[in-house]
Amino acid sequence: MTSSKPYLIRAMFDWIMDNACTPYILVDATFPGVQVPFEYVKDGQIVLNIATGATGNLSLGDTEIEFNARFGGTPRHLIVPLAAVLFIYAKENGEGMPFAPEPKPEITQPEPIVSEVVDGNKDKEDKPKKSAKVSHLKVIK
């Protein structure tokens with residue numbers, strides 16, 4: 001089955017808004033893919049107001065929350081993977097739903113690109129080119 005988290009977040013958002021309260025989310029800002037103004041992050045977390053009056057183009061999707069907001073008068077585009085959402089709650093009374101922290105996906109580093117050194121001599125063009133990798137072995141004659 002698919003994750004219930006996006007459905008729960010949307011339901012809590014609607015419930016909070018229907019009760020004339022302000023929906024806030026607590027976000028793990030260290031989670032890969034989070035795009036928030038990091039100058040407002042404290043202890044690796046950020047609290048965001050996601051009320052319709054505070055956001056533009058709010059999208060509560062199946063994999064991320066995306067919206068536009070202003071921070072210090074500067075417009076920003078924010079993207080929060082749902083896995084980074086730790087809590088959705090009403091600002092006025094703290095009622096809401098916490099979520100267990102999810103494991104961060106392992107970030108795999110791309111294989112390094114090994115460039116080859118090409119010598120300008122035409123007579124060497126037929127010889128196989130050596131890789132740019134440097135051996136830790138030393139040739140002794």
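So, how was this worked out
Residues numbered from 1 in each chain as written. Predicted model: local features only at pLDDT ≥ 70, side-chain atom pairs only at ≥ 80, totals over all residues. Heavy atoms only, no water. Helix = DSSP H or I, 4+ residues; strand = E, 2+ residues; numbered from the N terminus. Buried < 20%, exposed > 50% of the residue type's maximum accessible area, 1.4 Å probe, protein only. Contact = heavy atoms within 4.5 Å. Phe/Tyr/Trp six-rings, centres within 6.5 Å; stacked < 30°, edge-to-face > 60°. Core = buried A, V, L, I, M, F, W, Y, C linked by side-chain atoms within 4.5 Å. Pairing = 2+ DSSP bridges. Axes fitted to C-alpha atoms, helices over the stretch in contact; angles between N-to-C directions.

Peer 1: Hey, could you go over the environment of Met12 for me, with residue numbers and the actual values?
Peer 2: Note on placement: Met12 falls in helix α1 (residues 5–18). Assessed through its relative accessible area of 13%, Met12 is described here as buried. Distance from Met12 to Gly96, taken between C-alpha atoms, is 6.9 Å for residues 84 residues apart in sequence. If we skip the residues at most four places from it in the chain, Met12 touches Ile88, Gly96 and Met97.

Peer 1: Please give an account of the packing of aromatic side chains that cites residues and values.
Peer 2: Inspection of every chain in the model, using the stated rule, returns three aromatic pairs. Ring plane angle 45° and centroid distance 5.3 Å describe the contact between Tyr40 and Phe71, whose orientation is recorded as tilted. Remark: Phe71 occurs in strand β4 (residues 64–71) and Tyr40 occurs in the loop between β1 (23–28) and β2 (45–49); sequence separation between them is 31 residues. By way of ring pairs, the aromatic residues Tyr24, Phe87 and Tyr89 are connected into one cluster.

Peer 1: Give me the lowdown on the nonpolar core, citing residues and values where you can.
Peer 2: Ranked by size, the top nonpolar core spans 28 residues in total, and within it Leu48, Ile65 and Ile88 carry the most contacts. Ignoring sequence-local partners within four residues, the contact set of Leu48 consists of Pro23, Tyr24, Ile25, Val27, Val36, Phe67, Phe71, Leu78 and Val80.

Peer 1: Would you mind going over the sheet that holds strand β6 (residues 85–90) in detail, with residue names and values included?
Peer 2: With antiparallel pairing, four strands are arranged side by side in an open sheet as β2-β1-β6-β7. Because the sheet does not close on itself, it has two edges, and the strands there are β2 and β7 (96–98). Each strand axis lies, on average, 20° off the axis of its neighbour in the sheet, ignoring direction. Alignment of β1 against β2, held across five bridges, turns out to be antiparallel. Along β2, the bridge assignment pairs Ile25 with Leu48. Here α1 sits on the sheet in contact with β1, β6 and β7, set at roughly 20° to β6.

Peer 1: Explain the environment of Pro37 to me, using residue names and the numbers behind them.
Peer 2: Structurally, Pro37 can be placed in the loop between β1 and β2. Pro37 has contacts with Ile46, Phe71, Arg76 and Leu78, leaving out every residue within four places of it along the chain.

Peer 1: Got a sec to walk through the sheet that holds strand β5 (residues 74–81)? Specific residues and values, please.
Peer 2: In a beta sheet, neighbouring strands are held together by backbone hydrogen bonds and run either parallel or antiparallel to one another. Reading across from one edge, β3-β4-β5 is the order of the three strands in this open sheet, with antiparallel pairing throughout. Whereas interior strands pair on both sides, the edge strands pair on one side only; in this sheet they are β3 (56–60) and β5. Mean inter-strand twist for the sheet, computed between neighbouring axes without regard to direction, equals 25°. When β3 meets β4, the two strands line up antiparallel, connected through three bridges. Residue pairing for β4: Gly56 is matched across the bridge by Asn68.

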